[in-house]
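Chain and residue survey
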Amino acid sequence: EPEVTQTPSHQVTQMGQEVILRCVPISNHLYFYWYRQILGQKVEFLVSFYNNEISEKSEIFDDQFSVERPDGSNFTLKIRSTKLEDSAMYFCASSEGQGGYGYTFGSGTRLTVV
Amino acid sequence: AQRVTQPEKLLSVFKGAPVELKCNYSYSGSPELFWYVQYSRQRLQLLLRHISRESIKGFTADLNKGETSFHLKKPFAQEEDSAMYYCAPRGIQGAQKLVFGQGTRLTINP
């Protein structure tokens, strides 16, 4: 069964550093997403991406965040200057279509900012 | 505003007992409804979606548009059902996001 792949599985970074979280969505999927889950809290939407542009972003997704699909296969989330409160599990997801199509999630990247 | 309420943060039942995980939603339009499950240390997995009216691992969910509810049920719980369960509506137009509830941690006691 096709999978969404995320790397690295765990990243530790110092406050103020830039991090790039990488995702390889399922190849025939058209919609891409990033979510995060702070320990003990619910899964929160960050951003959706379709047709090479951001479709929607949450208030969490401020100027420190950016997404890119540089080569038609990878989908990256960049945090320019990490803060302690960015520590969370970050999930990438992709979807084949709208509405009734569910998402396929990656296994996540645990980001720890120290 | 889009909102999902899963009133039980924790739910504990005995093996073989019926299980019901509640979900109420507030969402403009007529969203599609999903349940996702997250087993310990694993990724979020799609459990079932309303549109396909399927039963997965013995779980079913009935959409009640009048009550805006999408409760998840299983008649006889099994130990391997212990996991975190999330209810999530999704808009039907465009790249509409899934909106997750707080989740219910289900524990099945032997």
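Residues numbered from 1 in each chain as written. Chains lettered and ligands numbered in written order. Predicted model: local features only at pLDDT ≥ 70, side-chain atom pairs only at ≥ 80, totals over all residues. Heavy atoms only, no water.

1. Some points on the state of the cysteines
- Under the criterion given, the structure shown has two disulfides over all chains.
- Two residues, Cys23 of chain A and Cys92 of chain A, share a disulfide whose sulfurs are 1.9 Å apart. The S-S bond linking Cys23 of chain A to Cys92 of chain A shows a torsion near -65°; that makes this disulfide left-handed. Remark: Cys92 of chain A occurs in strand β9 (residues 88-95) and Cys23 of chain A occurs in strand β3 (residues 19-24); sequence separation between them is 69 residues. The same class applies to Cys23 of chain A as to Cys92 of chain A, namely buried.
- Paired by a disulfide, Cys23 of chain B and Cys87 of chain B hold their sulfur atoms 2.0 Å apart. With the S-S dihedral at roughly -60°, the linkage between Cys23 of chain B and Cys87 of chain B falls on the left-handed side. On the criterion of sequence distance, the pair formed by Cys23 of chain B in the loop between β3 (19-21) and β4 (24-26) and Cys87 of chain B in strand β9 (residues 83-90) is long-range, its members being 64 residues apart.
- The class for Cys23 of chain B is buried, based on a relative accessible area of 0%.
- Owing to a relative accessible area of 0%, Cys87 of chain B belongs among the buried residues under this scheme. (Disulfide = S-S within 2.5 Å. Helix = DSSP H or I, 4+ residues; strand = E, 2+ residues; numbered from the N terminus. Buried < 20%, exposed > 50% of the residue type's maximum accessible area, 1.4 Å probe, protein only.)

2. Some words on the nonpolar core
- Within the largest apolar cluster, 25 residues are counted, with the highest numbers of intra-cluster contacts made by Trp35, Leu72 and Tyr85 of chain B.
- Sequence-distant contacts of Tyr85 of chain B, defined by excluding residues within four places in its chain, comprise Gln6, Leu21, Trp35, Tyr36, Val37, Leu47, Phe59, Leu72, Gly103, Thr104 and Leu106 of chain B.
- The next biggest cluster of nonpolar side chains, apart from the first, holds 23 residues, and it includes Phe32, Phe49, Leu77 and Val113 of chain A. (Core = buried A, V, L, I, M, F, W, Y, C linked by side-chain atoms within 4.5 Å. Contact = heavy atoms within 4.5 Å.)

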